[in-house]
Structures are given as structure tokens and as C-alpha cells.
Amino acid sequence: MAIDADGAPFLARSERFGAVGSTNDVVRAWLAEGVREVCLAVADEQTAGRGRAGRTWVAPAGAGLLLSLGFRPAWLEPERTWRLAAIVSLAMADAAEEVAGLPDRSVRLKWPNDLVVETSGTLARRLAPPEAWASTEVRKLGGVLGETVGLGTDDPRAIVGIGLNADWAEGDFPPALASEMTSLRAASGGRPIDRTALLEAFLDRLEARTVALRSGRFDVGDWIARQLTNGRSVRLDSPGGGVSEVRALGVDPASGGLVVSDPSAPGGERTIHSGEIRHLRLSSGPAGDDADIPAGDDAAVPAPPDVPAPAAARARV
């Protein structure tokens, strides 16, 4: 780890646990005790892991990389706190591709908080325009859950948890989820994944992205390019039970919201924020074939003031 300008290491506190209830809860307690940023809790297993809207998440011990980071983002405007979850997602995507030997940008981001992999199709098809795709199979690799306390005060705190299915053999996936989830090991064709190497690669990339964000620089280009929803038809389930199908145009680099087409709105588009939906599903191909992305409804989002969160996998991925 590099040393900050004030002479402090990037990680002010870092601990690894065999099992905890929730790494987010561990980090929240540290921040409440006055631990400075950045603090890190890693666990081999969570017994009370959670995702968006109070959902739970469990995975076999040692199968995933489960961690939470604590920030004190007084240096970041409250409305941009969502970028902490974004840089965590981007750092993990980069690290996952390197450690698993996957092609660049084969790990995609499914707004608002999932990390996914397209498991069927060649690289050439992945690079083709959305309208040329047939029905595609997208599987959830992981997700992020962001939580905040005191944004807009002199003691803001942000906790970003991320869970990634790492060295989980495909043959060991729960039968009920086997068609919906994936892992780095499965995505790489069965290559064993060294979780320690994955963690180190992630932290190296996160440190660089955090230093940049503190200086006012956010890699919006990479964040936009990795979005799977760009140019796709999506179905949105609202908290009230309503369902709508819209075309996703992209993402808003200012708010982190999903920009969708809406003929009735000024300029023909509007921005949706994470709290406005409980589930997002993709429709792919000109015929609108449903390519439901697994576990999206159990994820959280990155967003201020309650940072859109990252969740990991349906209570189970």
C-alpha cells in the first residue's frame, strides 16, 4: 500500500475474519468508534449478509470474496457519494479480469449495482451493437451494497460492501440458482481463483481510484463503458408494484442515475434513481427476448444520500 500525502497508509485498519454476521456492520462500528478512512473488513463467510431492501445473502465459506470498506468522505460532495460504490465496482471488475484471465471488460456492470458476465457468446458478439444481439445469457457474478450515515454533516461516513463469487466451482452451485449465477472460476473455464491475489489486485486498483477521486477525478468513461444496460430495453419494477418497459439510453455521470427514453419528459428522456425501483430486468434483441439478469432484485444500489448500493447475490449468490 502506498502512503498518503499526510504520511498515513491507504488502509487505516484492516482485519480478516473467519466468519462474521455482516462486514458492513463491522465497518460501521469501526467508523462510529472514530477509525479513520479507509478501513477494511474481509470475511470468509457471512452469517447475516444482506442486500438491497433487507434481503439476505449467503454463500459457502471460502467460495467468495466478501468485504466492506469504510470511508469518511468529507472531501466528496454528498450528491457524489455514489461514486465510492462505483470505484469499488470498477476496481473489482479490473481485478477479477486480471486474476481470472478474462478479456478486458468482460465483467460488466448492470445498473444499479450488479457485476455480471455474459456467459454465452463470443467476444465478437459482445462487442456488437445491442440491436444485433439475439437473446443473451447474463449471469450474476457479484454485487455491491452502499450505506451512508451523516451525509451533509461534518462527520459523513460511507460503507461500501462487495461480494464476488470467486473460487466457487460450477458443479457446487445451488441447483435453484445454477442457471442464474456464475463465479470467476466458472467464467474462466474452471481455473482456480486465488482469493488473496484477487484481494491484493482489487486493493491496488481501489487505492489508485480513491486517490484520483479525492483529487476530483472520476473515470466516468470506464464506468459508462462497462454498463450492460446502455442501449437496451429494460423492465423496471417499482416499489409500489408497477412495471414499465423503457429503453435505457445510458447513465448520468452527475447523479449516477439510469437515463431512459421518455417521450413525455422534457428532451425526451428522464433519469431514474435507485430508490425508484426494486428490480431491473433486461430485454435483449430486436424481438425483445427476455434476458432476465439473475439476482438483480436482491442487490442494492450506489446512490446518495443513501448511496446506491452494491449487493452480492440473491440471498445466495
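First things first, this report covers the structure right here in the doc. (Residues numbered from 1 in each chain as written. Predicted model: local features only at pLDDT ≥ 70, side-chain atom pairs only at ≥ 80, totals over all residues. Heavy atoms only, no water.)

Side note on the packing of helix 2 (residues 82-100) against helix 5 (residues 195-214)
Then comes step 1: Following both chains from N to C, one finds helix 2 and helix 5 inclined at 140°, their axes separated by 8 Å at the closest point. When the axis of helix 2 is compared with that of helix 5, the two are oblique. The chirality of how helix 2 crosses helix 5 is right-handed. Packed against helix 2, whose contacting residues are Arg83, Leu84, Ile87, Val88, Leu90, Ala91, Met92, Asp94, Ala95, Ala96, Glu98 and Val99, the element helix 5 presents Ala197, Leu198, Ala201, Phe202, Arg205, Leu206, Arg209, Thr210 and Leu213 at the interface.
Then comes step 2: For the contact of helix 2 with helix 5, a count of residues per class yields 15 nonpolar, one polar and five charged. (Axes fitted to C-alpha atoms, helices over the stretch in contact; angles between N-to-C directions. Helix = DSSP H or I, 4+ residues; strand = E, 2+ residues; numbered from the N terminus. Parallel < 35°, antiparallel > 145°, perpendicular 65-115°, else oblique. Left-handed = near helix turned anticlockwise from the far one by under 90°. Contact = heavy atoms within 4.5 Å. Nonpolar A, V, L, I, M, F, W, Y, C, P; charged D, E, K, R; others polar.)

Details of the packing of aromatic side chains
Then comes step 1: Within this structure, the stated rule accounts for four aromatic pairs.
Then comes step 2: Aromatic pair Trp82 and Trp223: ring centres 4.8 Å apart, planes at 45°, arrangement tilted. Of this pair, Trp82 sits in helix 2 while Trp223 sits in helix 6 (residues 220-225), and the two are 141 residues apart along the sequence. Across this residue pair, the class does not change: Trp82 and Trp223 are buried.
Then comes step 3: With a centroid separation of 5.7 Å and 85° between ring planes, the pair formed by Trp168 and Phe173 is classed as edge-to-face. Across the pair, Phe173 and Trp168 agree in class, each one buried.
Then comes step 4: Cluster of aromatic residues (ring-pair linked, three or more members): Trp82, Phe218 and Trp223. (Phe/Tyr/Trp six-rings, centres within 6.5 Å; stacked < 30°, edge-to-face > 60°. Buried < 20%, exposed > 50% of the residue type's maximum accessible area, 1.4 Å probe, protein only.)

Quick word on empty space enclosed by the protein
Space left empty within the atom packing is revealed by a probe, the size of a water molecule, rolled over the atoms.
Then comes step 1: Under the counting rule described, the total for this entry stands at four cavities of 30 Å³ or more.
Then comes step 2: Approximately 90 Å³ is the volume attributed to the second largest cavity.
Then comes step 3: Around the second largest cavity, the lining comprises twelve residues; the ones closest to its centre are Leu109, Pro112, Asn113, Trp223 and Gln227.
Then comes step 4: Contributing elements (two or more residues each) for the lining of the second largest cavity: helix 2 and strand 6 (107-110).
Then comes step 5: No other element matches helix 2, which puts three residues into the lining of the second largest cavity.
Then comes step 6: Taken together, the residues that form the lining of the second largest cavity break down as seven nonpolar, three polar and two charged. (1 Å grid on protein atoms, 1.4 Å probe; cavity = no way out; pocket = protein on both sides within 12 Å on 5 of 7 lines; lining within 4 Å. Points joined across faces, edges and corners; volume = space filled by probe spheres on them.)

Some details on the nonpolar core
Then comes step 1: Judged by nonpolar contacts, the single largest core of 62 residues is most densely connected at Leu67, Leu69, Met92, Leu184, Leu198, Phe202 and Leu258.
Then comes step 2: Tallying contributions element by element places helix 2 first for this core, with 14 residues.
Then comes step 3: For Leu184, the contacting residues outside a window of four places in its chain are Ala96, Ala100, Leu102, Leu141, Leu164, Asn165, Ala166, Ile193 and Leu198.
Then comes step 4: Of all hydrophobic cores here, the second largest spans ten residues; its members include Val27, Leu31, Ala43 and Ile159. (Core = buried A, V, L, I, M, F, W, Y, C linked by side-chain atoms within 4.5 Å.)

The values are spatial; any link to function lies outside them.
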